[in-house]
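Take a look at the letters that make up each chain.
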Amino acid sequence: MDDSLHYLIMANQMLVQKALLYKLKDTGLTIGQPKILDYLSRHNGSNQKEIAKACFLEAGSLTMILNKMEEKGLIRRQEKGLIERKMLNGNRRTFHIFMTEEGKKKQQLVSEAFSEIERKAVEGISKEEMEGFLSVYQKIYANLLDEAGSSSINKKTDQ
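Since the model is a prediction, treat every value here as computed from it, not as a measurement.

K.L.:
Explain the pattern of salt bridges here, please?
P.N.:
Taken as a whole and assessed by the stated rule, the structure comprises seven salt bridges. Between Asp38 and Arg42 there is a salt bridge; the shortest N-O distance is 3.4 Å. Taken as a pair, Asp38 and Arg42 lie in helix α2 (residues 33-43) at a separation of four residues, close to a single helical turn.

Shown next as structure tokens:
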């Protein structure tokens, strides 16, 4: 196993993603949908630009994921999908995304899955070790966010 920082970050992300998809395999959720539901649980009614930025998604990718989330109700003959788009204050240029009742139910499953994965991930790690790790990891995040802010990758999602 490579113990470089970039490898461990990438490997841990993939392991979390695999575990999450395994735990949610019977829910019908697909890649990208859990993180959007997770974000909407704290920011219901956000616009697509806010969601794309917070979830580190390109606008086109987000649109495809949201379309599938909105259509789920039609496919499964439910009244509504996981989300619905609404115009607020008559602004036709910006849609705001809201979870439906079905979306809130799925989000609860996502939240439970994330909690189970996190519990497993921190087994055998003391509170002090975890606090130190989170402090360092937040600094790494801030450094990388600063780096991404000066690159063209992040500028695309900011537009």
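K.L.:
Would you mind showing me how to read the packing of helix α1 (residues 5-23) against helix α5 (residues 101-121) here?
P.N.:
Between two packed helices, the angle of one axis relative to the other and the distance separating the axes together describe the packing. Between α1 and α5, whose axes approach to 10 Å, the crossing angle comes to 135°. One way to sum up the angle between α1 and α5 is to call them oblique. Two packed elements cross with a definite hand, and for α1 against α5 that hand is right-handed. Between α1 and α5, the contacting residues are Val16, Ala19, Leu20 and Lys23 on the first element and Ala113, Phe114, Glu116 and Ile117 on the second. By residue class, the composition of the contact of α1 with α5 is six nonpolar, no polar and two charged.

What counts and how
- Residues numbered from 1 in each chain as written.
- Predicted model: local features only at pLDDT ≥ 70, side-chain atom pairs only at ≥ 80, totals over all residues.
- Heavy atoms only, no water.
- Salt bridge = Lys/Arg side-chain N within 4 Å of Asp/Glu carboxyl O.
- Helix = DSSP H or I, 4+ residues; strand = E, 2+ residues; numbered from the N terminus.
- Axes fitted to C-alpha atoms, helices over the stretch in contact; angles between N-to-C directions.
- Parallel < 35°, antiparallel > 145°, perpendicular 65-115°, else oblique.
- Left-handed = near helix turned anticlockwise from the far one by under 90°.
- Contact = heavy atoms within 4.5 Å.
- Nonpolar A, V, L, I, M, F, W, Y, C, P; charged D, E, K, R; others polar.

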